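Here is what each chain is made of, one letter per residue.
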Amino acid sequence: MAEITLENVTYVYGKGAPYEMRALDDVSLTFRAGEITGLIGHTGSGKSTLVQMLNGLLKPDSGRVLLDGKDIWEDPKQIQQIRFQVGLVMQYPEYQLFDETVEADIAFGPKNMGMDPEKIREAVKRAAQFTGLRPELLKKSPFDLSGGQKRRAALAGVMAMEPAVLVLDEPAAGLDPGGRREILGRIREYQQKSGANVIIVSHSMEDMALYCDRVLVMENGRLVMSGTPAQVFSRAEELIAVGLDVPQITRVARALRDAGVDIGLDIYTVKFAAHRLLSGREAHEG
Amino acid sequence: MKADIAFGQYYEGNSFLHRLDPRWKILFVIFYIVIIFLAKNIFSFALLILSAIFLTLISRIPLRTILRGLRPLVFIIFFTAIINIFWLKGDTVLVDWWIIHIYLEGLINALLIVVRVVILVAGTSILLTYTTTPIALTDGLERLLSPLAKIHLPVHEFSMMMTIALRFIPTLVEETEKIMNAQKARGADFSTGSLVRRAKALIPILIPLFISAFRRAEELATAMECRCYTGGKGRTRMNILHSSWRDVAALLALCALCAGVVLLNIFAPGYALAL
């Protein structure tokens, strides 16, 4: 299984310079396999820095990053191998597209891994299927695709490496609601089919509530909260204090309680709220 | 990362030099270069060295920063010095061994040339690039060249292009870094293999970079058009350049230096430069 653990990781930008900034401050946490973990925090809270620690794009100034109990920096020359195991989809990943056809672009990662051509073709096909790219699109130039298709092609480029850990930095940013649901749904599906360890960074509380098994909250380079969505979103005051929000339905639940209808504060999806409301009515009537 | 990008050499400050009018500064630099090439013997060179020290002091730029700026020149300086030491013939022989003949004149000549190159680079960068923001520099250049607009040279457009290019250097550097990281995450390797392999490894960076640069250019053009930009005609400026007593003082100081160098060349005896 693929479990990533951070042990007392600290990272400082511009060390020694007047603009020195502590992006990560003694962070310890574990991303468990077989789960989708959501990482939330407002801009500058250290999320993107943390994400770049996981596949060795950045090296911690102190502390260790462990993949299945092994320090990823044990042999710095082998860091490329780590990057094949921990796939990272950066923010707005469509700018990484470069090859002549979508197919060749998706194959870039697997080719770097040294897979043989037959396997590459299969991996590309699978990744395209996971991300919902129609086969006829594979022969097109990536620059002729629409915005949402480009995003999917870029995502497929990382999925094709079949990493045991898939890290996505704002995978749905800038997409319309339909596109958001589509891409996050496909990520969820990929996680369920592959059993991978999936980590999603997002600003959207709604998305986190719907798609994550566990939520971590970052603030000023520190981990301030972690737990199931219900646990985290029931602490609305603290979330608002660190400049974050709670899902709209959680706000509705709070407003209802203040109005005298208490359906609980651990509500974070509309479905669940409806369920509580209905069962409350039954109890009331019955 | 982002903060590491120190574009150009501009050193934030508020010294006498920082507050000179950029139009004058450009002219001063040309004047200073002329003076540097006027110097002929060790006495006038000594005066030049004093002037460079004086410039460093009033600019309030740390000596370390200035020396770091000279680092890329070490090879050229070394090379010119060697050539001058071995090739120049004179009367006083210092070393005469096998095929190596070193004359005192050659040694002094080498020394003076090294001093000239160092002052040329350090002096002009203190006077101009260290103490003038790139924007002020292009602004000054535009104003100086503005008479050329009379003969239909696109002076304003040229300086606008320069301003935009300067503005986008940090943006492109940041973008390059982002793309490199994205491709590294897909296992791209830029640092091993043969030269051809490494050159090929750059393709996944260059193509996205070009595409985004073109996209940015188009967006910028649209944004400028939306704000009714039509070129330099009838355009007024936000920052109007003013000459002040400082510029006059600097001009007088340079004239004095020039006179000093010329007088020392004529009246002080000493080892003259052969070039």
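Let us now look at the interface of chain A and chain B. On the side of chain B, 19 residues touch chain A, which itself brings 22 residues to the contact. When residues of chain A are sorted by the area they lose upon contact with chain B, Tyr95, Phe98 and Phe108 of chain A head the list and together hold 30% of the total. Where chain A touches chain B, the interface holds one salt bridge. Those elements giving two or more residues to the side of chain A that touches chain B turn out to be α2 (79-85), α4 (108-113) and α6 (147-159) of chain A. Among the residues making up the side of chain A that touches chain B, the classes are represented as 13 nonpolar, seven polar and two charged.

What links the strands of a sheet is backbone hydrogen bonding, and the strands pair in either a parallel or an antiparallel sense. All names here are of chain A. Strand order in this open sheet of four strands is β2-β1-β4-β5, and the pairing throughout is antiparallel. Here the strands that pair on one side only, and so sit at the sheet edges, are β2 (21-31) and β5 (70-71). Helix α1 (residues 47-54) rests against β1 (4-13), β2 and β4 (62-67) of the sheet, and its axis sits at about 55° to β2.

For the rest of this paragraph, the subject is the environment of arginine 222 of chain A. Residue and element names in this part refer to chain A. Within the fold, arginine 222 resides in strand β10 (residues 222-227). Judged by relative accessible area, which is 43%, arginine 222 ranks as partly exposed. Beyond its immediate sequence surroundings of up to four residues, arginine 222 is in contact with Asp25, Val27 and Val217. Only 3.4 Å separates the side chain of arginine 222 from the side chain of aspartate 25, close enough to count as a polar contact.

Quick look at empty space enclosed by the protein now. Rolling a probe over the atoms, with the probe sized like a water molecule, indicates the empty space that remains. Residue and element names in this part refer to chain A. According to the stated counting rule, one finds one cavity of 30 Å³ or more in the structure shown. By volume, the largest cavity amounts to about 60 Å³. Lining the largest cavity we find Glu170, Pro171, Ala172, Ala173, Arg180, Leu184, Ile200, Ser202, Asp207, Met208 and Tyr211. For the lining of the largest cavity, the secondary structure elements donating two or more residues are α7 (177-194) and α8 (205-211). With three residues, the single largest contributor to the lining of the largest cavity is α8.

A few words on the confidence of the model for chain A. When pLDDT is averaged along chain A, the result is 89; 98% of the residues meet or exceed 70. Helix α3 (residues 102-106) of chain A holds the highest mean pLDDT among the elements of chain A, 95, whereas helix α12 (residues 270-285) of chain A holds the lowest, 82.

Next up on the list: α7 of chain A. Residues and elements named next belong to chain A. A rise of 1.5 Å per residue sets the reference length of α7, with its 18 residues, at 26 Å; its end C-alpha atoms lie 26 Å apart and thus fit the reference within 8%. Taken residue by residue, α7 has Ile183, Leu184, Ile187, Arg188, Tyr190 and Gln191 as its buried positions. What you see down the axis of α7 is that its buried residues fit within an arc of 155°, all on one side. The outward face of α7, more than 90 degrees from its buried face, is lined by the exposed residues Arg181, Gln192 and Lys193. The elements touched by buried residues of α7 are β3 (36-40), α5 (117-131), α6, β7 (165-169), β8 (197-201) and α8. Where α7 ends, the next residue or the one after it, glycine 195, has phi of about 70°, a positive value.

Per the counting criterion, the structure on display carries eight aromatic pairs over all chains. Here phenylalanine 233 of chain A and tyrosine 268 of chain A contribute two aromatic rings whose centre-to-centre distance is 6.3 Å and whose plane-to-plane angle is 45°, an arrangement assigned as tilted. On the criterion of sequence distance, the pair formed by phenylalanine 233 of chain A in helix α9 (residues 229-233) and tyrosine 268 of chain A in the loop between α11 (248-258) and α12 is long-range, its members being 35 residues apart. With relative accessibility at 22%, the residue tyrosine 268 of chain A sits in the partly exposed group. Look at phenylalanine 210 of chain B and phenylalanine 214 of chain B: their rings are 6.4 Å apart centre to centre, the planes differ by 35°, and that puts the pair in the tilted class. Taken together, the residues phenylalanine 210 of chain B and phenylalanine 214 of chain B, both in helix α9 (residues 203-226) and four residues apart, mark about one turn of the helix. Phenylalanine 214 of chain B carries the same exposure label as phenylalanine 210 of chain B, and that label is exposed. Over the aromatic face of phenylalanine 168 of chain B sits the side chain of arginine 167 of chain B, whose NZ or CZ is 4.7 Å from the ring centroid.

Moving on to the packing of helix α1 (residues 22-38) of chain B against helix α5 (residues 104-129) of chain B. Residues and elements named next belong to chain B. Following both chains from N to C, one finds α1 and α5 inclined at 165°, their axes separated by 10 Å at the closest point. Comparing their axes, α5 and α1 come out roughly antiparallel. The chirality of how α1 crosses α5 is right-handed. Of α5, the residues touching α1 (which contributes Lys25, Ile26, Phe28, Val29, Tyr32, Ile33, Ile36 and Phe37) are Arg116, Ile119, Leu120, Gly123, Thr124, Leu127 and Leu128. Residues that form the contact of α1 with α5 fall into these classes: 11 nonpolar, two polar and two charged.

The next subject is the pairing of β10 of chain A. Residues and elements named next belong to chain A. Where strand β9 (residues 214-219) meets β10, five bridges bridge the pair, whose relative direction is antiparallel. Bridging across to β10, valine 215 finds its partner in glycine 227. Here β9 folds back onto β10, and the loop between the two strands holds two residues, one of which, asparagine 220, carries a positive phi near 50°.

All names here are of chain B. Between α1 and helix α10 (residues 245-267), the least distance of the axes is 10 Å, while the angle of their chain directions is 10°. Considered as vectors, α1 and α10 are oriented roughly parallel to each other. Contact with α1, carried on its side by Trp24, Phe28, Phe31, Tyr32, Ile35 and Leu38, involves Asp247, Ala250, Leu251, Leu254, Cys255, Leu257, Cys258, Val261, Val262 and Asn265 of α10 and no other residues of that element. In terms of residue class, the contact of α1 with α10 is built from 14 nonpolar, one polar and one charged.

Procedures and definitions
- Residues numbered from 1 in each chain as written.
- Chains lettered and ligands numbered in written order.
- Predicted model: local features only at pLDDT ≥ 70, side-chain atom pairs only at ≥ 80, totals over all residues.
- Heavy atoms only, no water.
- Contact = heavy atoms within 4.5 Å.
- Buried area = accessible area lost by both parts, 1.4 Å probe.
- Salt bridge = Lys/Arg side-chain N within 4 Å of Asp/Glu carboxyl O.
- Helix = DSSP H or I, 4+ residues; strand = E, 2+ residues; numbered from the N terminus.
- Nonpolar A, V, L, I, M, F, W, Y, C, P; charged D, E, K, R; others polar.
- Pairing = 2+ DSSP bridges.
- Axes fitted to C-alpha atoms, helices over the stretch in contact; angles between N-to-C directions.
- Buried < 20%, exposed > 50% of the residue type's maximum accessible area, 1.4 Å probe, protein only.
- Polar contact = N/O pair within 3.5 Å; in protein donor to acceptor, adjacent residues only side chain to side chain.
- 1 Å grid on protein atoms, 1.4 Å probe; cavity = no way out; pocket = protein on both sides within 12 Å on 5 of 7 lines; lining within 4 Å.
- Points joined across faces, edges and corners; volume = space filled by probe spheres on them.
- pLDDT = per-residue confidence, 0-100.
- Expected span 1.5 Å × (residues − 1).
- Arc of directions from axis to C-beta.
- Phe/Tyr/Trp six-rings, centres within 6.5 Å; stacked < 30°, edge-to-face > 60°.
- Lys NZ or Arg CZ within 6 Å of the ring centre and 35° of its normal.
- Parallel < 35°, antiparallel > 145°, perpendicular 65-115°, else oblique.
- Left-handed = near helix turned anticlockwise from the far one by under 90°.

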